[in-house]
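Here's the letter readout for the chains.
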Amino acid sequence: MGLRRVLLLGEGNFSFAASLCGAEGTHVVATCYESEEDASRRGGAARSIRRLRESGAEVVFSVDCTKLTDYFSPEKREFDCIYFNFPHCGRKAGVVKNRELLAHFFRGSAEVLAEEGEVHVALCNGQGGTPADQPRREWHNSWQIVAVAAGAGFILSGVHPFNAETIHGYKCTGYRSQDKSFCVEGALNHVFTRSAPLLCFTPGSCKIQLESQKVSFQVPQALVDKINRGFLEPNSNHPVQTVKEELTAGLSQAFPLQDTDSCLSLLHQGHLDGVCPSNIFWIALSPEEAPSPEELSHGPAHAVLFSHVDFCQGTEKNGPEGCHSPEQFYLRPSLLPHAQAITQEGAFLPGTLHVLSGPVFRKCRITPHSMPVFHEVLIVFAVNRGTESSCVQMLVNNITSTIRSLHQTGIKPNINLQEAASSETTQLNDFAAFESQLGKIQYFICAETDPPGSCEKGSCMGVIRTSHELVSSELVLVFASLNLDLLAMLLCGISDWRMLWTPDTRFLRQFPRGELRLFKSFSLYPPSYVHDVSFWVPEGEQFDEVAFHTLARGVSGEMVVSIQLRDSFQQAGTGRRSLCYRLTFQSCDRALSCRGAAEMQLRLREEMQRQLGVTVR
């Protein structure tokens, strides 16, 4: 393994560099902005420079931190770590000038830093503008270091106190460009790393098997990075797969169990009674790709599922959109039709738990717990009539004990059954609300929150429904659906569902095969940007909010975290209706700059006019 190459910028008296020069396996390159003659006049500088040179370190003078490629040839770049302690433009430069300095510094650092290198920036208390600063300055009066770094593709991956007293021989100097010390009490060291690139917005296609031929379809823009990710593959170390394995292992100790995941089609075709069409990702195969209904009716059962949800009691179609052509395809919103199909097969064994799992797709509004795709595990079994309540409780007790044994945050969650009849619709998260469209629910499976026994928004992890119609008169079918993504978030302390889908390898590195651990975020205090958009709705038309949210997801690559209606008015005389929404852009894992968010906003405005038929004001 080669030497660890460390670059220090903006050194004053070189005392910090001198404290590093004896580290084993480290080659230090110490630089300052002044000439050697001027730098040597600082107190103690000559002694530190001499020590550095004697230890084999490089000392370079008159280095402009914003133009680093001018000083280091390509073969001498690739630094593993870059330090810039207490940067400042000098004299009485204000926050704007210092932000500009940092912006140029980060762009220069990106050109000389190793791929997995780190950039360390120490700032005085309050300057950074992050929640780590105590007290925290107002945003406009800070250096906004995380947002500035994002402009060069960096994310804040760590922040800790800069303890000057623990650095042997260190003495801070350079107050207002003079050989004077300054207060470093409460100073913080900010550690930046490279971000994964932003999502490419080019359309993607997916190939699947239908009947005896392979067909492809264009993936909806909101799902371009979420199709065929393989999280539930047998050798996957993704926490969603680990949760599924642990759940099934726990269930297998109490019940006979059969895993029936193979060949579950992503595409469904047929009726969707009770389900709002705007919640479905509809897929159009081109004529040369789409097999005829006659071909499909003679094909294998796994080619495509003709679905008809039979639990839709007491629900209504949502207007004229509820009528879709029976030949139209859509991405499966649930595994329930697959489970229903299994109960009709001769291989279905009463008393055995049949377990299905896979990703399902649902258009939904943007909220903290709304997922356009998640991994569902569906458990179906038949029990003797009259024993369904006790069997359901046994199942939930088993799931509860498994989850409590896996929890990593130190708080043992209580999983409880909440009767559907006692749960208000306004309390349900989007997962539970959509499940309600699929048919009558007997119980919600909730992670107990405060107060005990409540099923608050975001806490519903699954639903249980029963059916008396699909098997013999002596048996009752029980269907238990669990959201594996919400369970993984609960168990590993993951606050943002988008992190489960990150392409950044630092996520999966935290989860060895078969292990669940408390997740440590590698992107701290990501900046957020607010933009408003106002538009006229076509006269006589209802505005489809779900379509708007889905469009925002796709255009931004899931960078929109909030959409709030700010204003609505009707123009006198014409009757035209205008809406104003406020959008908040923020990434959980990648560098999103102010400019990047503004570009997304402009692209969204263009697509709204093209796809939603509105007139942007």
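Residues numbered from 1 in each chain as written. Predicted model: local features only at pLDDT ≥ 70, side-chain atom pairs only at ≥ 80, totals over all residues. Heavy atoms only, no water.

- Within an unreviewed UniProt entry, the label attached to the chain reads phenylalanine--tRNA ligase, and the organism entered is Onychorhynchus coronatus.
- In the Sequence similarities (unreviewed entry) part of its UniProt record, the chain is described as follows: "Belongs to the class-II aminoacyl-tRNA synthetase family."
- UniProt's Catalytic activity (unreviewed entry) comment on the chain is quoted here verbatim: "tRNA(Phe) + L-phenylalanine + ATP = L-phenylalanyl-tRNA(Phe) + AMP + diphosphate + H(+)". (UniProt positions renumbered as here; feature names shortened; annotations may be inferred.)

1. Things to note about the overall build of the chain
(1) Moving on: Secondary structure assignment for the chain yields 14 helices and 24 strands.
(2) Moving on: Looking at the chain residue by residue over its 617 residues, the buried ones come to 53%.
(3) Moving on: Sequence-distant contacts, at least 24 apart, represent 73% of the contacts inside the chain between residues at least 6 apart.
(4) Moving on: In the form shown here, the chain has an accessible surface area of approximately 27900 Å², with 49% of it arising from carbon and sulfur atoms. (Helix = DSSP H or I, 4+ residues; strand = E, 2+ residues; numbered from the N terminus. Buried < 20%, exposed > 50% of the residue type's maximum accessible area, 1.4 Å probe, protein only. Contact = heavy atoms within 4.5 Å. Areas by Shrake-Rupley, 256 points an atom, 1.4 Å probe, with all protein chains shown as cover.)

2. Structural notes on the pairing of strand 15 (residues 353–361)
(1) Moving on: Within strand 15, eight of the nine residues are buried, which leaves it mostly tucked inside the rest of the structure.
(2) Moving on: Taken together, the three bridges between strand 10 (residues 257–259) and strand 15 define a ladder with parallel strand orientation. Looking across to strand 15, one finds that Gln258 is bridged to His354.
(3) Moving on: In terms of strand pairing, strand 15 meets strand 16 (residues 373–384) through eight bridges, oriented antiparallel. Following the sheet pairing, Pro359 is matched in strand 16 by His375. (Pairing = 2+ DSSP bridges.)

3. Structural notes on the pattern of salt bridges
Between side chains of opposite charge, a pair can form when the charged atoms approach closely.
(1) Moving on: For the coordinates displayed, the defined rule picks out 19 salt bridges.
(2) Moving on: In this structure, the salt-bridge partner of Arg553 is Glu558, at a minimum N-O distance of 3.1 Å. The pair Arg553 / Glu558 is uniform in exposure class, with both members buried.
(3) Moving on: For Arg590, the salt bridge goes to Asp589, with nearest N and O atoms at 3.4 Å. Asp589 shares its class with Arg590; the two are buried.
(4) Moving on: Put simply, Glu37, Asp38 and Arg41 are held in one network by salt bridges that share partners. (Salt bridge = Lys/Arg side-chain N within 4 Å of Asp/Glu carboxyl O.)

4. Examining the side chain of Arg506
(1) Moving on: Structurally, the position occupied by Arg506 is in helix 12 (residues 505–508).
(2) Moving on: Looking at Arg506, its side chain comes within polar contact range of the main-chain oxygen of Arg194, at 2.8 Å.
(3) Moving on: Among the polar contacts listed, one links the side chain of Arg506 to the side chain of Asp504, at a separation of 2.8 Å.
(4) Moving on: In contact with Arg506, other than residues within four places in its own chain, are Ile155, Ser157, Thr193, Arg194, Ser195 and Phe522. (Polar contact = N/O pair within 3.5 Å; in protein donor to acceptor, adjacent residues only side chain to side chain.)

5. Structural notes on the sheet that holds strand 20 (residues 475–483)
(1) Moving on: Pairing in this open sheet of seven strands is mixed, and the strands run 10-15-16-20-19-18-17 from one edge to the other. The two strands at the open ends of the sheet, each matched to only one other strand, are strand 10 and strand 17 (415–419). Here the strands of the sheet are splayed against their neighbours by 25° on average, with no regard to which way each runs.
(2) Moving on: Judged from the six bridges that link them, strand 19 (residues 460–467) and strand 20 form a sheet pairing that is antiparallel. Bridge assignment links Thr466 to a residue of strand 20, and that residue is Val478.
(3) Moving on: Against the sheet, helix 10 (residues 430–437) engages strand 16, strand 18 (443–447), strand 19 and strand 20, with an angle of about 15° to strand 19. (Axes fitted to C-alpha atoms, helices over the stretch in contact; angles between N-to-C directions.)

6. Quick notes on the packing of aromatic side chains
(1) Moving on: With the rule as written, the count across this model stands at 24 aromatic pairs.
(2) Moving on: Centroid distance Phe16 to Tyr170: 5.9 Å. Interplanar angle 85°. Geometry classified as edge-to-face. Here the residue Phe16 occupies a position in helix 1 (residues 15–20), and Tyr170 occupies one in the loop between strand 6 (154–161) and strand 7 (188–194), the gap between them amounting to 154 residues.
(3) Moving on: With relative accessibility at 7%, the residue Phe16 sits in the buried group.
(4) Moving on: Residue Tyr170 is classed as buried on the basis of its relative accessible area of 17%.
(5) Moving on: Connected via pairs of aromatic rings, a cluster forms that spans Phe16, Tyr83, Phe86, Phe162 and Tyr170. (Phe/Tyr/Trp six-rings, centres within 6.5 Å; stacked < 30°, edge-to-face > 60°.)

7. Comments concerning the nonpolar core
(1) Moving on: In this structure, Leu331 and Ile494 are the most contacted members of the largest nonpolar core, which totals 98 residues.
(2) Moving on: With sequence-adjacent residues up to four places away left out, Ile494 is seen in contact with Ala488, Met489, Met499, Leu500, Phe507, Phe511 and Phe519.
(3) Moving on: Counting residues in each nonpolar core, the second largest holds 30 residues, with Leu7, Val119, Trp143 and Phe154 among its members. (Core = buried A, V, L, I, M, F, W, Y, C linked by side-chain atoms within 4.5 Å.)

8. With respect to empty space enclosed by the protein
To find leftover empty space, one rolls a probe the size of a water molecule over the atoms.
(1) Moving on: Throughout the structure, instances matching the rule amount to three cavities of 30 Å³ or more.
(2) Moving on: Size it by volume and the largest cavity reaches roughly 100 Å³.
(3) Moving on: In terms of lining residues, the largest cavity is bounded by 13 residues, among which Arg498, Gly557, Glu558, Asp589 and Arg590 are the most central.
(4) Moving on: When its residues are assigned to classes, the lining of the largest cavity shows four nonpolar, three polar and six charged.
(5) Moving on: The volume enclosed by the second largest cavity comes to roughly 50 Å³.
(6) Moving on: Lining the second largest cavity, in full, are Val146, Ala150, Phe154, Ile155, Leu156, Ser523, Pro526, Pro527, Arg590, Ala591 and Leu592. (1 Å grid on protein atoms, 1.4 Å probe; cavity = no way out; pocket = protein on both sides within 12 Å on 5 of 7 lines; lining within 4 Å. Points joined across faces, edges and corners; volume = space filled by probe spheres on them. Nonpolar A, V, L, I, M, F, W, Y, C, P; charged D, E, K, R; others polar.)

9. Some details on the packing of helix 6 (residues 239–252) against helix 11 (residues 484–492)
(1) Moving on: Interaxial distance between helix 6 and helix 11 falls to 9 Å at its minimum, and their mutual angle equals 95°. When the interaxial angle is binned, helix 6 and helix 11 end up roughly perpendicular. Residues Pro239, Val240, Val243, Lys244 and Leu247 of helix 6 touch helix 11, and the partners they reach there are Leu484, Asp485, Leu487, Ala488, Leu491 and Cys492.
(2) Moving on: Tallied by class, residues from the contact of helix 6 with helix 11 come to nine nonpolar, no polar and two charged. (Parallel < 35°, antiparallel > 145°, perpendicular 65-115°, else oblique.)

10. A look at helix 10
For an α-helix, 3.6 residues make a turn, and residues three or four places apart therefore share a direction.
(1) Moving on: Three or more residues of helix 10 are buried, namely Phe431, Ala432, Phe434, Glu435 and Gln437.
(2) Moving on: Contacts made by the buried residues of helix 10 are with strand 16, strand 18, strand 19 and strand 20.
(3) Moving on: A positive phi of about 145° marks Gly439, the residue just after helix 10.

11. Regarding the environment of Val360
(1) Moving on: When you line up the elements, Val360 lands in strand 15.
(2) Moving on: Judged by its relative accessible area of 0%, Val360 is buried.
(3) Moving on: Sequence-wise, Val360 and Val377 are 17 residues apart; in three dimensions their C-alpha atoms are separated by 10.0 Å.
(4) Moving on: Excluding its chain neighbours within four sequence positions, the residues that come into contact with Val360 are Arg332, Pro333, Ser334, Leu335, Pro372, Val373, Phe374 and Glu376.

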